[in-house]
Amino acid sequence: MVASLVKRDLKSRYKGSVLGFLWMFLNPLMQLAVYTVVFSTIMRMGIDKFYLFLFVALVPWLFFSTCLSAGTTVVFSQQDMVKKIYFPREVLPIAFTVSQFVNMLLSFLVIFAVVILSGIRLNQQALLFLPLVMLTEFVLALGVTYLVSALNVYFRDLEHILGILSMAWMYLTPILYPMEMVPGQYARLFALNPMTPITIAYRDILYYGQVPKIWTLCNAFVMGIVVLAAGQLVFGRLQRHFVEEL
């Protein structure tokens, strides 16, 4: 059922559009162009190959932010199926997260092309850690999707609140700037952000060409597992009354 829902989502997402699946590549490229112009010419960051510095962190962020904001509609958008058919409700957030993850993997083809064209030498040893970082982010995103999809059934304003929160969360994650720019007194606060170690790990591998630090990977993995466990617990408790609330 998960495979069927993922396939349906990927086929229907760009159905009827002229460019179709090309939008998977064009969306991150357009955002990259806007941010690069702003932070390379107007608000200069003084970072070498800033477009690449930004791109390797922006694409993973788009995956996570989509699960955070659009994940709220996962159960509500399938309310007819939830009301009429019995099936494990967990299938819905899993299928949605997998679909967004596939979209991110396809976008990584563009990242690798940009990295190669930029003349960055990829570290083969560091690349071995990339699947682990991706898996960690997937676990985190799935936990978030479990959480927001269940809560939105009971609290419909959550969809709009998370749209604003997602924008604020992005600026509180070292995507547009290096972690070194964060004032020391806020470093611990940033460390509580589960996307901080994930972003740092992606950048270590694809921009700096180095193996991520063990503490970075462990920190990201532990926070991902905690969020997933919390999301599954909340979803399991709330799904009992989905039909009545919908």
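Residues numbered from 1 in each chain as written. Predicted model: local features only at pLDDT ≥ 70, side-chain atom pairs only at ≥ 80, totals over all residues. Heavy atoms only, no water.

**A word on the overall build of the chain**
Then comes step 1: When helices and strands are tallied, the chain shows 12 helices and zero strands.
Then comes step 2: Reading the helices (α) and strands (β) of the chain from amino to carboxyl end gives α-α-α-α-α-α-α-α-α-α-α-α.
Then comes step 3: Taken over C-alpha atoms, the radius of gyration comes to 19 Å for the chain, in line with the 18 Å a tight globule of 246 residues would show.
Then comes step 4: The C-alpha extent of the chain, read off along each of the three principal axes, is 55 × 45 × 35 Å.
Then comes step 5: In the chain, buried positions account for 48% of the 246 residues.
Then comes step 6: Of the roughly 12,600 Å² of accessible surface on the chain, 67% is carried by carbon and sulfur atoms.
Then comes step 7: Each charge class in the chain was averaged separately, 17 positive and 11 negative side chains, and the resulting centres sit 5 Å apart. (Helix = DSSP H or I, 4+ residues; strand = E, 2+ residues; numbered from the N terminus. Rg over C-alpha atoms; globule rule 2.2 N^0.38 Å. Buried < 20%, exposed > 50% of the residue type's maximum accessible area, 1.4 Å probe, protein only. Areas by Shrake-Rupley, 256 points an atom, 1.4 Å probe, with all protein chains shown as cover. Lys, Arg positive; Asp, Glu negative; His and termini not counted. Charge placed at Lys NZ, Arg CZ, Asp CG, Glu CD.)

**Things to note about the environment of R89**
Then comes step 1: Residue position: R89 is located in the loop between α4 (79-84) and α5 (91-117).
Then comes step 2: Here R89 falls in the buried class, since its relative accessible area comes to 10%.
Then comes step 3: Residues R89 and A150 lie 61 residues apart in sequence; the distance between their C-alpha atoms is 10.0 Å.
Then comes step 4: Look past the residues within four positions of R89 in its chain and what remains in contact with it is V82, F235, Q239, F242 and V243. (Contact = heavy atoms within 4.5 Å.)

**Some details on the side chain of S149**
Then comes step 1: By the secondary structure assignment, S149 is in helix α7 (residues 130-154).
Then comes step 2: A distance of 2.6 Å separates the side chain of S149 from the backbone oxygen of T145, its partner in a polar contact.
Then comes step 3: Not counting the four nearest positions on each side in its chain, S149 is found in contact with G71, T72, V74, V75, P93 and F235. (Polar contact = N/O pair within 3.5 Å; in protein donor to acceptor, adjacent residues only side chain to side chain.)

**Some remarks on the side chain of T72**
Then comes step 1: As for its placement among the helices and strands, T72 is situated in the loop between α3 (50-69) and α4.
Then comes step 2: Ignoring anything within four residues of it in the chain, the contact list for T72 reads V148, S149, N152, E159 and L162.

**Looking at the packing of α3 against α7**
Each pair of packed helices can be described by the angle between their axes along with the distance between the axes.
Then comes step 1: Contact pair α3 / α7: the axes reach a minimum separation of 8 Å and the direction vectors enclose 20 degrees. Relative to α7, the element α3 is oriented roughly parallel. Considering how the two elements wind past one another, α3 and α7 form a crossing that is right-handed. Contact residues: α3 offers P60, W61, F63, F64, C67 and L68, while α7 offers E137, F138, L140, A141, V144, T145 and V148.
Then comes step 2: Among the residues forming the contact of α3 with α7, the class breakdown is 11 nonpolar, one polar and one charged. (Axes fitted to C-alpha atoms, helices over the stretch in contact; angles between N-to-C directions. Parallel < 35°, antiparallel > 145°, perpendicular 65-115°, else oblique. Left-handed = near helix turned anticlockwise from the far one by under 90°. Nonpolar A, V, L, I, M, F, W, Y, C, P; charged D, E, K, R; others polar.)

**Considering the layout of surface pockets**
Gaps between atoms show up when a probe of the same size as a water molecule is rolled over them.
Then comes step 1: Approximately 260 Å³ is the volume attributed to the largest pocket.
Then comes step 2: R8, D9, S77, Q78 and F96 are, among the 13 residues lining the largest pocket, the residues nearest its centre.
Then comes step 3: Counting residues per element, the lining of the largest pocket draws most heavily on helix α1 (residues 2-13), at five residues. (1 Å grid on protein atoms, 1.4 Å probe; cavity = no way out; pocket = protein on both sides within 12 Å on 5 of 7 lines; lining within 4 Å. Points joined across faces, edges and corners; volume = space filled by probe spheres on them.)

**Looking at the nonpolar core**
Then comes step 1: One finds L54, L92, M104, F108, I111 and Y202 to be the most contacted residues of the largest nonpolar core, which totals 72 residues.
Then comes step 2: Sort the elements by how many residues they give to this core and α3 lands first, with 15 residues.
Then comes step 3: Leaving out residues up to four positions away in the same chain, M104 has contacts with V59, P60, F63, M134, E137 and Y202. (Core = buried A, V, L, I, M, F, W, Y, C linked by side-chain atoms within 4.5 Å.)

**What about the packing of aromatic side chains?**
Then comes step 1: Summed over all chains, the structure comprises 13 aromatic pairs.
Then comes step 2: Arranged with centres 5.2 Å apart and planes meeting at 65 degrees, the rings of F101 and F138 form a pair that is edge-to-face. With F101 in helix α5 and F138 in helix α7, this residue pair connects regions lying 37 residues apart in the sequence.
Then comes step 3: Ring pairs connect the aromatic residues F50, F53, Y207 and Y208, which therefore count as one cluster.
Then comes step 4: Lying across the ring of F53, R203 places its NZ or CZ 3.6 Å from the centre. (Phe/Tyr/Trp six-rings, centres within 6.5 Å; stacked < 30°, edge-to-face > 60°. Lys NZ or Arg CZ within 6 Å of the ring centre and 35° of its normal.)

**Considering α7**
Then comes step 1: Look at α7: 37 Å from first C-alpha to last across 25 residues, which is about the 36 Å you get at 1.5 Å a residue.
Then comes step 2: Summarising burial for α7: 19 of the 25 residues are buried, a large majority. (Expected span 1.5 Å × (residues − 1).)

**A short note on helix α8 (residues 158-171)**
Then comes step 1: Here α8 contains 14 residues, and its C-alpha end-to-end distance of 20 Å stays within 8% of the 20 Å for a straight helix at 1.5 Å per residue.
Then comes step 2: Those residues of α8 that fall on the buried side of the exposure criterion are L158, L162, S166, W169 and M170.

**Digging into unusual backbone geometry**
Then comes step 1: In this structure, K49 takes a positive phi of about 50 degrees despite not being glycine.
Then comes step 2: Along the chain, K49 turns up in the loop between α2 (23-42) and α3.
Then comes step 3: With relative accessibility at 26%, the residue K49 sits in the partly exposed group.

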